[in-house]
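Below are the chains, spelled out letter by letter.
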Amino acid sequence: MITYDYIIVGAGIAGSCVAFELRDQNVLIIDKNEDIALGASGAAGAFLNPLLGKSNDFKDLVNKSLVYANDFYKSNIPQAFYNPGIVRIPKNDEDRDKFISYEEDNVFEYKKLDDGYFFPIGSNVIPELICKKLCENIKKKMSYEITDLNFIDDFWIINNELKCKNLILTTGASTKLIKEKYFNIRAVWGAKIDVSTTTKVEYNYHKECSVSSSYEKLENNKYKVSIGATHHRFTCDKDICTYCLDTANINKIYQKSYDKTIINKDTQSLLEKANDIIALDDLEVLNLKVGARACSYDYFPIVGALIDSDKTLEVYPYLKKGSKVPADKFIKYKNLFVLNGLGGRGFVLSPYLAKVLVNNIKNNEIVDDKISSNRLFKRWVRKIK
């Protein structure tokens, strides 16, 4: 049986960033897909935009992560990082009024440009290249399905053939390895398209969708531009069927929910929304990719150790009656960690949160309750009988 210091399950942007942070350790990254970033991360628009609005904890986290992510990608994978700035265009007069009301809370430099507001910090990355470069020197096991997972003698055992001291789950919307009812993630499906056009787009744009700058020169005086993304919340009962979430290499086959009809509608919708932002001449769709973003119900990510609800309630049964217990007393699964719930901001949040997670694991640095599993458990335990 092969033994590792760390095994990371999930080779999207979250898992890739964690692998990069642990690159000096004996690490294996595994995934059900045949290659890196073939799930939601590969289907991401991968825009790095500021979050506007009144100041609050979530906005502060996103914008702090944005600054970190820009520096991180520029320093480590400059060939896949673009910083043309972004023009944020209000959808209507009400949206414009909101922007004006948020002006005093804006933390980034901006100026008026055409019908919108230009933020120099706006960036985008090539998602597949970013993920592949981040885990370039990491051992990998692709097309690998976990059917058996156990904790024995202080080690996590996978399929009776892989063994690790620390197991890190970055599996996104597919949470079947986490048998905890409080760990509630909703899948928000979406599509992004890459197109070719003779129009040279100078900046990234965002209105009802995002349009990238012309980040690659193609043949016949054409440029490559990305447009994303759509949003779908299907009403499937995950206790009955997780076919779409669990199927590997999703973009090679049509799914039960995300079928050809929806794909065609998404393509048309993105083209119409992009045309409302900027006219793209001689346009041709190059490809479309779909994926399921993993969204928590309060929008905050989930970082760090997982709480064992059964053992915690066994020790503190009065939690069910509303009694309070300090979060540091909750019983955690030993050497089991997560980075999940990043929603549509995976490429913004992952570099910073991967660093937070690794510092927690290696140096015992405390993870803020606002992004730990503590908040989910406390909310869940208040509702159970």
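Structure: above.
Residues numbered from 1 in each chain as written. Predicted model: local features only at pLDDT ≥ 70, side-chain atom pairs only at ≥ 80, totals over all residues. Heavy atoms only, no water.

Student: What is the right way to read the sheet that holds strand 3 (residues 47-48) from this model?
Tutor: What holds strands together in a sheet is hydrogen bonding between their backbones, with the strands either parallel or antiparallel. Read from one edge to the other, the open sheet built from three strands follows the order 3-8-4, with strand pairing classed as antiparallel. Pairing within the sheet leaves two strands with one partner each, and these edge strands are strand 3 and strand 4 (81-82). Inspection of the sheet shows strand 4 paired to strand 8 (residues 123-125) by two bridges, in the antiparallel sense. Its bridge partner being in strand 8, Phe81 is matched across the sheet by Val125. (Pairing = 2+ DSSP bridges. Helix = DSSP H or I, 4+ residues; strand = E, 2+ residues; numbered from the N terminus.)

Student: Where do I start with the nonpolar core in this structure?
Tutor: Formed by 58 residues in total, the largest nonpolar core has its most connected members in Val18, Tyr73, Ile130, Ile168, Leu339, Phe347 and Leu353. Elements with a minimum of two residues in this core: strand 1 (2-9), helix 1 (13-21), strand 2 (27-30), helix 2 (57-76), strand 7 (116-119), helix 4 (127-134), strand 20 (332-340) and helix 8 (346-363). Broken down by element, this core gets its largest block of residues, ten residues, from helix 8. Core analysis: the second largest hydrophobic core is formed by 44 residues, Ile7, Ile158, Cys164 and Leu313 among them. (Core = buried A, V, L, I, M, F, W, Y, C linked by side-chain atoms within 4.5 Å. Buried < 20%, exposed > 50% of the residue type's maximum accessible area, 1.4 Å probe, protein only.)

Student: Explain the side chain of Arg293 to me, please; I cannot follow it from the model alone.
Tutor: Looking at the element boundaries, Arg293 is found in strand 18 (residues 284-296). Buried and unpaired, Arg293 has no salt bridge, with Asp266 as the nearest side chain of opposite charge at 8.0 Å. Within the local environment of Arg293, its side chain forms a polar contact with the backbone oxygen of Trp189, the two atoms lying 3.4 Å apart. (Lys, Arg positive; Asp, Glu negative; His and termini not counted. Salt bridge = Lys/Arg side-chain N within 4 Å of Asp/Glu carboxyl O. Polar contact = N/O pair within 3.5 Å; in protein donor to acceptor, adjacent residues only side chain to side chain.)

Student: I tried to follow the packing of helix 1 against helix 8 on my own but got confused; where do I start?
Tutor: Two elements in contact, helix 1 and helix 8, have axes whose closest approach is 8 Å; the angle formed by their N-to-C orientations is 40°. As summarised for this structure, helix 1 and helix 8 are arranged oblique, according to the angle between their axes. In terms of crossing hand, the pair formed by helix 1 and helix 8 is right-handed. Along the contact surface, helix 1 presents Ile13, Ala14, Cys17, Val18 and Glu21, while helix 8 presents Gly346, Phe347, Ser350, Pro351, Ala354, Lys355, Leu357 and Val358. Looking at the contact of helix 1 with helix 8, its residues break down into nine nonpolar, two polar and two charged. (Axes fitted to C-alpha atoms, helices over the stretch in contact; angles between N-to-C directions. Parallel < 35°, antiparallel > 145°, perpendicular 65-115°, else oblique. Left-handed = near helix turned anticlockwise from the far one by under 90°. Contact = heavy atoms within 4.5 Å. Nonpolar A, V, L, I, M, F, W, Y, C, P; charged D, E, K, R; others polar.)

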